[in-house]
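Residues per chain are reported as follows:
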Amino acid sequence: MVVQLSVSNRSAAERDLSALLARVGATQVQRQPDFTFVVVVPQSRYGEFTRGMAQIGSWQMETDRSTVPDPVRVAVRLVSRR
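Residues numbered from 1 in each chain as written. Predicted model: local features only at pLDDT ≥ 70, side-chain atom pairs only at ≥ 80, totals over all residues. Heavy atoms only, no water.

Concerning the packing of helix α1 (residues 10-24) against helix α2 (residues 46-56)
Right, on to step 1. Direction vectors running N to C along α1 and α2 enclose 160 degrees, while the axes themselves pass 10 Å from each other. The angle between α1 and α2 places the two elements in the roughly antiparallel class. Considering only the axes of α1 and α2, their crossing is right-handed. Between α1, through Ala 13, Asp 16, Leu 17, Leu 20, Leu 21, Arg 23 and Val 24, and α2, the contact on the second element is made entirely by Glu 48, Phe 49, Gly 52, Met 53, Gln 55 and Ile 56.
Right, on to step 2. For the contact of α1 with α2, the class distribution of residues is eight nonpolar, two polar and three charged. (Axes fitted to C-alpha atoms, helices over the stretch in contact; angles between N-to-C directions. Helix = DSSP H or I, 4+ residues; strand = E, 2+ residues; numbered from the N terminus. Parallel < 35°, antiparallel > 145°, perpendicular 65-115°, else oblique. Left-handed = near helix turned anticlockwise from the far one by under 90°. Contact = heavy atoms within 4.5 Å. Nonpolar A, V, L, I, M, F, W, Y, C, P; charged D, E, K, R; others polar.)

In structure tokens form, the structure reads like this:
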């Protein structure tokens, strides 16, 4: 699953994303140089994770699934709003 998260400040969003991951019991498994973070979220906390992303910025699913596995592996790409 790939999510694009549009934010006004990528550094602040990175900090907020880290706090969100800790709050929902998720782990970051990879960070790529283009501000893409691969994370693993427990399925039971996925709803809280998506609500938390909405508080960080506006997000859009680039790929979608009809079912959500457990755990959920998500690539979150932080992009600057223009």
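Observations regarding α2
An α-helical turn contains 3.6 residues, so any two residues separated by three or four positions project in the same direction.
Right, on to step 1. Taken together, the buried positions of α2 are occupied by Tyr 46, Phe 49, Thr 50, Gly 52, Met 53 and Ile 56. Taken down its axis, α2 places every buried residue within 160 degrees of arc, on the same side. Projecting away from the buried face of α2 at angles above 90 degrees are the exposed residues Arg 51 and Gln 55.
Right, on to step 2. In this structure, the buried side of α2 is in contact with β1 (2-7), α1, β3 (36-41), β4 (58-61) and β5 (72-80). (Buried < 20%, exposed > 50% of the residue type's maximum accessible area, 1.4 Å probe, protein only. Arc of directions from axis to C-beta.)

So, the sheet that holds β1
Right, on to step 1. Strand order in this open sheet of five strands is β2-β3-β5-β1-β4, and the pairing throughout is mixed. Strand pairing shows two members of the sheet lacking a second neighbour, β2 (27-32) and β4, which therefore form its edges. On average, each strand axis in the sheet is tilted by 25 degrees relative to the strand beside it, whichever way the strands run.
Right, on to step 2. Sitting on the sheet, α1 is in contact with β1, β2, β3 and β5, with an inclination near 160 degrees to β5.
Right, on to step 3. Sheet strands in contact with α2 are β1, β3, β4 and β5, and its direction is about 5 degrees off that of β5. (Pairing = 2+ DSSP bridges.)

A short note on the pattern of salt bridges
Right, on to step 1. Applying the stated criterion to the full structure yields five salt bridges.
Right, on to step 2. In this structure, the salt-bridge partner of Arg 31 is Glu 14, at a minimum N-O distance of 3.1 Å. Here Glu 14 lies in helix α1 and Arg 31 lies in strand β2, a separation of 17 residues in the sequence.
Right, on to step 3. For Glu 14, a relative accessible area of 24% puts it in the partly exposed group.
Right, on to step 4. For Glu 48, the salt bridge is made with Arg 23, and the minimal N-O distance between the two is 3.8 Å. Of the two residues, Glu 48 sits in helix α2 while Arg 23 sits in helix α1, which places them 25 residues apart along the sequence.
Right, on to step 5. Residues joined in a network through salt bridges with shared partners are Arg 23, Arg 45 and Glu 48. (Salt bridge = Lys/Arg side-chain N within 4 Å of Asp/Glu carboxyl O.)

Honestly, that's just the spatial picture; any functional story needs more than this.
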